[in-house]
Amino acid sequence: MRGKIKNYIKLMRPKHYVKNVLLLIPLFFSGEVLKPRSILAAALGLAAFSLAASAIYIYNDIHDVGRDRMHEVKKNRPIASGAVSIAEAYALCAVLFVVALACNYFAAPSAVFPWVYLLLYILVNFAYSMGMKNMPIVDVAILASGFLLRVLYGSALVNVGVSTWLYLTIMMFSFYMGLSKRRNELLKQGDEGHTRKVLQFYSYHFLDINMYMCLTLTLVFYSLWTVDASTMARVGGNQLLWTVPLVIIICLKYNLIIDGNSHGDPVDVLLSDKVLIGLVVFYALVTGVLYYGATLLRMWG
């Protein structure tokens, strides 16, 4: 029984919940992170999105079980290896969807847009699993949309807006991660695309050029966000400009990892390197101090 539960948890891929930290960006940069009601809504929304994402991962694994069995890494997934049956996987998928929708209801019972963004995320990813992942460019756009929808969902949950520059930053970095994932898959699997059909439409040169174009735009948009009038008004100056070199260092470290022996999955890249984790945590702490330092001083003063 313990082994079966372990396989269920593995099937849900909880390590990928780290992506859902993006839901907290609107709350963090709204200045309302100290309000209990907003924190509760964000926590329930985090649970809703995480469980919905797990259900989608399970459905995708069911749909791709044949190809996964031919992949050097994916063949060890619970469904592909036979540790979890198709019937069990469908049952778990259904339960997760129901609980996710319940969490979303309690997170924002009277709000419409959290439902819109959550259901849109589910529908888009179903479409991805059903065949859109085999369409070049569209597949990367869907991967990127998942990150952006997380931010939009988080914004709708706490009813706060996010700077246009920050949205553009997240969008471009999402495209960068999607393109770099495809590039490394191409390097690992070759252009035959035995386990991912869409790879036959891509070349290393195309993916390499465009991923770095998106990374360049990410840094440009982030820099513009730090000196945007609304950002400086919230912080009380242009102090966030000081974080630009740190963001560049984080991107350089990320690049160094994906240029190594990596499949390019963003979560695997982040969690595989303690230095990168430390840099991201340090960035969050520095940004938090710059954003909330004055507020905390007033509270303690």
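Residues numbered from 1 in each chain as written. Predicted model: local features only at pLDDT ≥ 70, side-chain atom pairs only at ≥ 80, totals over all residues. Heavy atoms only, no water.

## Regarding the packing of aromatic side chains
Moving on, step 1. Enumeration according to the criterion identifies 13 aromatic pairs in this entry.
Moving on, step 2. Pairing Phe 97 with Phe 126 gives two aromatic rings, centres 5.7 Å apart and planes at 40°, and the pair type is tilted. Placement of the pair is Phe 97 in helix α6 (residues 86-107) and Phe 126 in helix α7 (residues 113-130), with a sequence separation of 29 residues.
Moving on, step 3. Among the residues examined, Phe 97 registers a relative accessible area of 14% and is labelled buried.
Moving on, step 4. When the centroid spacing of 5.3 Å and the interplanar angle of 75° are considered together, the rings of Tyr 105 and Phe 106 count as edge-to-face.
Moving on, step 5. Taking the relative accessible area as the measure of exposure, Tyr 105 reaches 42% and is therefore partly exposed. (Phe/Tyr/Trp six-rings, centres within 6.5 Å; stacked < 30°, edge-to-face > 60°. Helix = DSSP H or I, 4+ residues; strand = E, 2+ residues; numbered from the N terminus. Buried < 20%, exposed > 50% of the residue type's maximum accessible area, 1.4 Å probe, protein only.)

## Points about the state of the cysteines
Moving on, step 1. For the structure on display, the rule yields 0 disulfides.
Moving on, step 2. With no disulfide partner, Cys 93 has as its closest neighbouring cysteine sulfur the one in Cys 103, 15 Å distant.
Moving on, step 3. The thiol sulfur of Cys 251 is not disulfide-bonded, and the nearest other cysteine sulfur, from Cys 214, lies at 12 Å.
Moving on, step 4. On the basis of relative accessibility, which here comes to 8%, the residue Cys 251 falls in the buried class. (Disulfide = S-S within 2.5 Å.)

## Some remarks on the side chain of Asp 139
Moving on, step 1. Its place among the elements puts Asp 139 in helix α8 (residues 138-158).
Moving on, step 2. For Asp 139, a relative accessible area of 0% gives the class buried.
Moving on, step 3. Within the structure, the side chain of Asp 139 is placed 3.1 Å from the backbone nitrogen of Ile 137, a separation counted as a polar contact.
Moving on, step 4. Aside from chain neighbours lying at most four places away, what touches Asp 139 is Tyr 128, Met 132, Lys 133, Arg 182, Val 198 and Tyr 202. (Polar contact = N/O pair within 3.5 Å; in protein donor to acceptor, adjacent residues only side chain to side chain. Contact = heavy atoms within 4.5 Å.)

## Overview of the confidence of the model for the protein chain
Moving on, step 1. Averaged over all residues, the pLDDT of the protein chain is 86; the fraction at 70 or higher stands at 92%.
Moving on, step 2. Least confident of the elements in the protein chain is helix α4 (residues 65-68), whose mean pLDDT is 74; most confident is helix α10 (residues 204-226), at 95. (pLDDT = per-residue confidence, 0-100.)

## Thoughts on a nonpolar patch on the surface
Moving on, step 1. Nonpolar side chains collect at one region of the surface, where Val 220, Leu 224, Val 227, Leu 241 and Trp 242 lie side by side and expose about 440 Å² of accessible area between them.
Moving on, step 2. With relative accessibility at 34%, the residue Val 227 sits in the partly exposed group. (Patch = residues over 30% accessible without salt bridge, like charges linked within 9 Å, V, L, I, M, F, W, Y side chains within 5 Å. Areas by Shrake-Rupley, 256 points an atom, 1.4 Å probe, with all protein chains shown as cover. Salt bridge = Lys/Arg side-chain N within 4 Å of Asp/Glu carboxyl O.)

## Observations regarding the pattern of salt bridges
Opposite charge on two side chains permits pairing when their charged atoms draw close.
Moving on, step 1. A full pass over the atoms with the stated rule returns 8 salt bridges.
Moving on, step 2. Two residues, Glu 185 and Arg 182, come together in a salt bridge whose shortest N-O distance is 3.0 Å. A residue pair is termed a helical-turn pair when its members lie 3 or 4 positions apart in one helix, as Glu 185 and Arg 182 do in helix α9 (residues 164-189) at 3 residues. Here Glu 185 and Arg 182 have matching classes, each one buried.
Moving on, step 3. Its salt-bridge partner being Asp 208, residue Arg 183 comes within 2.6 Å of it at the nearest N-O pair. You can see Arg 183 sitting in helix α9 and its partner Asp 208 sitting in helix α10, a full 25 residues away along the chain.
Moving on, step 4. Taking the relative accessible area as the measure of exposure, Arg 183 reaches 1% and is therefore buried.
Moving on, step 5. Among the charged side chains, a network of salt bridges with common partners joins Asp 139, Lys 181, Arg 182 and Glu 185.

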